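Structural description and commentary
Residues per chain, in single letters:
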There are 2 protein chains.
Amino acid sequence: MAGKKVLIVYAHQEPKSMNGSLKAIAVEELSKQGCSITVSDLYEMQFEPRTTRKDIIGELYNPEQFNYGVEAWEACKNGCLSEDLKEEHRKVKEAELVIFQFPLYWSSMPAIMKGWMDRVLVQGFAHNLPKCHESGLLKNKKALLSFTTGGDKGMFSKGGISGDIRYILWPMQYGILRFCGFDVLAPQISFAPEHAALEERRQMLSSWEKRLKTIWEEKPITCILE
Amino acid sequence: MAGKKVLIVYAHQEPKSMNGSLKAIAVEELSKQGCSITVSDLYEMQFEPRTTRKDIIGELYNPEQFNYGVEAWEACKNGCLSEDLKEEHRKVKEAELVIFQFPLYWSSMPAIMKGWMDRVLVQGFAHNLPKCHESGLLKNKKALLSFTTGGDKGMFSKGGISGDIRYILWPMQYGILRFCGFDVLAPQISFAPEHAALEERRQMLSSWEKRLKTIWEEKPITCILE
């Protein structure tokens with residue numbers, strides 16, 4: 001939709017991968033709509049996933065005992081977070097929709113993207129207890145997980161080898177996104193592209209493209225398990 | 001137990017933290033028993049969490065399109081993984097029990113520890129489909145998650161603000177550890193040490209110490225949700 005701002009947080013090493021194609025299609029389709037798109041290409045940026053002292057500029061709040069959560073919160077309040085984090089904060093603040101594009105690694109996101117969550121979504125920026133969930137600081141923004149899997153759909157069903165996909169989604173959608181106040185849109189799951197025929201891979205891409213055409217009309221999901 | 005080998009994979013920036021104390025107590029108690037203990041202190045090692053081309057020494061299997069899973073698997077077979085990964089493999093191979101000690105970040109482990117999972121537990125080393133779960137390559141080893149939380153126990157109950165702790169454990173215990181064949185021991189959860197009185201903190205440490213005295217007699221848990 002013309003004028004809408006979108007941030008795509010993208011984690012794949014290879015532009016020619018299915019994840020690379022899904023990201024490219026999102027950029028293309030949303031651009032056609034007149035959206036303004038920013039991509040955080042985490043591998044390309046060599047994004048730092050580790051939560052360390054380096055994230056805080058200048059003096060620590062408590063130099064005697066380093067507590068990342070406390071220090072990041074204080075630094076956020078005082079404008080003393082490292083430049084890369086301030087930059088991600090600017091991108092998130094502007095965005096009306098944040099799309100996370102990644103391959104599922106070990107029933108979750110890759111470490112480089114988990115590091116984005118750990119370092120960017122700090123207290124004072126994304127939440128501030130009791131300001132969480134519907135009163136989280138990122139409320140009125142939409143977020144969506146778009147990911148590929150190694151296994152096929154059957155493997156992610158109840159009793160399947162990887163277990164019910166809902167249990168895999170829960171910590172990411174409810175535990176992170178919803179906690180920060182995001183309105184979570186249904187996940188876009190591309191199952192087992194590596195084992196799919198070319199035609200099936202094309203369909204995965206075109207179904208994502210088609211969905212994006214009406215993405216602004218979508219209602220959030222509830223994110224809860226029962 | 002005398003002669004037993006234990007690996008502690010530890011992720012905290014501050015030795016004086018509760019995580020640092022829990023790690024220290026495990027080293028002390030297991031040493032008393034005559035166990036041989038190795039600690040992978042991830043922040044101290046500046047452990048790399050990102051899955052990149054650098055993990056593979058020499059030529060790629062497919063230089064045209066980088067696929068981390070495929071490349072790591074091939075490199076594992078051919079002894080071409082980077083030195084830091086070979087070193088972690090040696091430690092895991094020797095260990096009869098692996099303890100993961102970390103603070104819960106965003107309903108999961110910190111990115112630096114997720115990176116350990118992503119990079120160390122590669123195909124060919126930890127699993128090799130259909131060799132997974134009871135036939136996973138790390139079978140006959142025990143593993144245990146020991147972690148601290150920000151919120152109290154009530155927040156991690158059904159209907160609590162952070163949701164049922166079982167849903168948080170699932171991707172880590174079933175999705176990772178059990179998938180690789182580990183016999184998973186019950187998690188050791190230290191709730192909200194930052195908000196606890198000194199006496200409560202002492203109790204968290206002493207209950208861990210006490211449990212470790214009979215850890216070798218414990219039976220694995222089932223890891224499944226229903």
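As the structure is a prediction and not an experimental result, all values here were calculated from the model.

A few points about the overall build of chain A
- Looking only at helices and strands, one finds six helices and six strands in chain A.
- Reading chain A from its N end, one meets helices and strands in the order β-α-β-α-α-β-α-β-α-β-β-α.
- Radius of gyration (C-alpha) of chain A: 18 Å, near the 17 Å computed for a compact globule of 226 residues.
- Oriented by its inertia axes, the alpha-carbon framework of chain A measures out at about 60 × 45 × 35 Å.
- The buried share of chain A, reckoned over its 226 residues, is 47%.
- Taking all contacts inside chain A whose residues are at least 6 apart in sequence as the whole, residues at least 24 apart take part in 77%.

What about the packing of helix 5 (residues 165-178) of chain A against helix 5 (residues 165-178) of chain B?
- One can describe the packing of helix 5 of chain A onto helix 5 of chain B by two numbers: an axis separation of 8 Å at closest approach and a directional angle of 135°. On the basis of their axis angle, the class for helix 5 of chain A and helix 5 of chain B is oblique. Helix 5 of chain B is crossed by helix 5 of chain A, and the crossing has left-handed handedness. Across the interface between the two elements, A:Tyr167, A:Ile168, A:Trp170, A:Pro171 and A:Gly175 of helix 5 of chain A pack against B:Tyr167, B:Ile168, B:Trp170, B:Pro171 and B:Gly175 of helix 5 of chain B.
- A class-by-class count of the residues in the contact of helix 5 of chain A with helix 5 of chain B yields eight nonpolar, two polar and no charged.

Things to note about unusual backbone geometry
- Look at the link from A:Leu129 to A:Pro130: it is a cis peptide, with omega at 5°.
- When you line up the elements, A:Pro130 lands in the loop between helix 4 (111-120) and strand 4 (142-148).
- Unusually for a residue other than glycine, B:Trp106 sits at a positive phi of about 50°.
- Its 20 C-beta neighbours within 10 Å are what place B:Trp106 among the buried residues.
- Of note, B:Ala192 is a non-glycine position whose phi angle comes to about 50°, a positive value.
- Topologically, B:Ala192 is positioned in the loop between strand 6 (188-190) and helix 6 (198-213).

Thoughts on helix 4 (residues 111-120) of chain B
- Helix 4 of chain B sits mainly inside the fold: ten of its ten residues count as buried.
- Three or more residues of helix 4 of chain B are buried, namely B:Ala111, B:Ile112, B:Met113, B:Lys114, B:Gly115, B:Trp116, B:Met117, B:Asp118, B:Arg119 and B:Val120.
- Of the surrounding secondary structure, the elements contacted by the buried residues of helix 4 of chain B are helix 4 of chain A together with strand 1 (5-10), helix 3 (83-94), strand 3 (97-103) and helix 5 of chain B.

Overview of the pairing of strand 3 (residues 97-103) of chain A
All names here are of chain A.
- Of all seven residues making up strand 3, seven are buried, and the element is well covered by its neighbours.
- What you see with strand 3 is no split at all: Leu97, Ile99, Gln101 and Pro103 on one side and Val98, Phe100 and Phe102 on the other are buried throughout.
- The pairing of strand 1 (residues 5-10) with strand 3 spans five bridges and is parallel. Within the sheet, the bridge partner assigned to Tyr10 lies in strand 3 and is Gln101.
- As defined by bridge partners, strand 3 adjoins strand 4 across seven bridges and the pair is classed as parallel.

Some words on the interface of chain B and chain A
- Tallying the contact residues gives 34 residues for chain B and 34 residues for chain A.
- Elements represented by at least two residues in the side of chain B that touches chain A include exactly helix 2 (68-77), helix 4 and helix 5 of chain B.
- Sort the elements by how many residues they give to the side of chain B that touches chain A and helix 5 of chain B lands first, with seven residues.
- Residue classes in the side of chain B that touches chain A are distributed as 17 nonpolar, twelve polar and five charged.

Things to note about the environment of B:Gly115
- On the secondary structure map, B:Gly115 appears in helix 4.
- Each C-alpha atom, one on B:Gly115 and one on B:Glu48, is 7.0 Å from the other, the two residues being 67 residues apart in sequence.
- Discounting residues that sit within four places of it in the chain, B:Gly115 has contacts with A:Pro49, A:Ala111, B:Phe47, B:Glu48, B:Pro49 and B:Arg50.

Concerning the nonpolar core
- In this structure, A:Met113 and B:Met113 are the most contacted members of the largest nonpolar core, which totals 134 residues.
- Residue contacts for B:Met113: discarding those within four places in its chain leaves B:Val9, B:Ala11, B:Leu42, B:Phe100 and B:Phe102.

Focus: the environment of B:Tyr10
Residue and element names in this part refer to chain B.
- By the element assignment, Tyr10 lies in strand 1.
- Here Tyr10 falls in the buried class, since 25 other C-beta atoms lie within 10 Å of it.
- Along the primary structure Tyr10 and Ile99 are separated by 89 residues, whereas in three dimensions their C-alpha atoms are 8.1 Å apart.
- For Tyr10, the contacting residues outside a window of four places in its chain are Lys23, Val39, Ser40, Asp41, Leu42 and Gln101.

Quick notes on the relation of the copies chain B and chain A
- For these two chains of identical sequence, chain B goes onto chain A by a turn of 180° and a shift of 0.0 Å along the axis, with RMSD 0.0 Å. Taken together, the rotation and translation relating the two chain copies correspond to the operation of a two-fold axis. Identified as the residue of chain B closest to the rotation axis by C-alpha distance is B:Ala111, at 2.4 Å.
- A share of 100% of the interface residues of chain B reappears at the interface of chain A, consistent with the copies meeting face to face through the same patch.

Points about the confidence of the model for chain A
- With 100% of its residues at a pLDDT of 70 or more, chain A has an overall mean of 96.
- Listed scores for the predicted complex are pTM 0.98 and ipTM 0.97.

Structural notes on the pairing of strand 4 (residues 142-148) of chain B
Residues and elements named next belong to chain B.
- The buried count for strand 4 comes to seven of seven residues, which makes it a mostly enclosed element.
- Burial along strand 4 is two-sided: Lys142, Leu144, Ser146 and Thr148 facing one way and Ala143, Leu145 and Phe147 facing the other are all buried.
- This β-α-β element, strand 3 to helix 4 to strand 4, shows right-handed connectivity.
- Sheet topology note: the strand 4/strand 5 (residues 183-184) ladder contains two bridges and is parallel.

Some thoughts on helix 6 of chain B
Residue and element names in this part refer to chain B.
- With 16 residues, helix 6 extends 23 Å from end C-alpha to end C-alpha; this agrees with the ideal 22 Å at 1.5 Å per step.
- Those residues of helix 6 lying buried are Met204, Trp208 and Leu212. Projection of helix 6 onto a plane perpendicular to its axis shows the buried side chains occupying an angular sector of 65°, all on one side. When the buried face of helix 6 is taken as reference, the exposed residues oriented beyond 90 degrees from it are Leu198, Glu199, Arg202, Ser206, Ser207, Lys210 and Lys213.
- Elements in contact with the buried residues of helix 6: helix 1 (18-32) and strand 6.

The rules we used
- Residues numbered from 1 in each chain as written.
- Chains lettered and ligands numbered in written order.
- Predicted model: local features only at pLDDT ≥ 70, side-chain atom pairs only at ≥ 80, totals over all residues.
- Helix = DSSP H or I, 4+ residues; strand = E, 2+ residues; numbered from the N terminus.
- Rg over C-alpha atoms; globule rule 2.2 N^0.38 Å.
- Buried ≥ 20, exposed ≤ 12 C-beta atoms within 10 Å, placed from the backbone.
- Contact = placed C-beta atoms within 7 Å.
- Axes fitted to C-alpha atoms, helices over the stretch in contact; angles between N-to-C directions.
- Parallel < 35°, antiparallel > 145°, perpendicular 65-115°, else oblique.
- Left-handed = near helix turned anticlockwise from the far one by under 90°.
- Nonpolar A, V, L, I, M, F, W, Y, C, P; charged D, E, K, R; others polar.
- Pairing = 2+ DSSP bridges.
- Core = buried A, V, L, I, M, F, W, Y, C linked by C-beta atoms within 7 Å.
- Least-squares fit on C-alpha atoms with pLDDT ≥ 70 in both.
- pLDDT = per-residue confidence, 0-100.
- Right-handed = clockwise from strand over helix to strand, strands pointing away.
- Expected span 1.5 Å × (residues − 1).
- Arc of directions from axis to C-beta.

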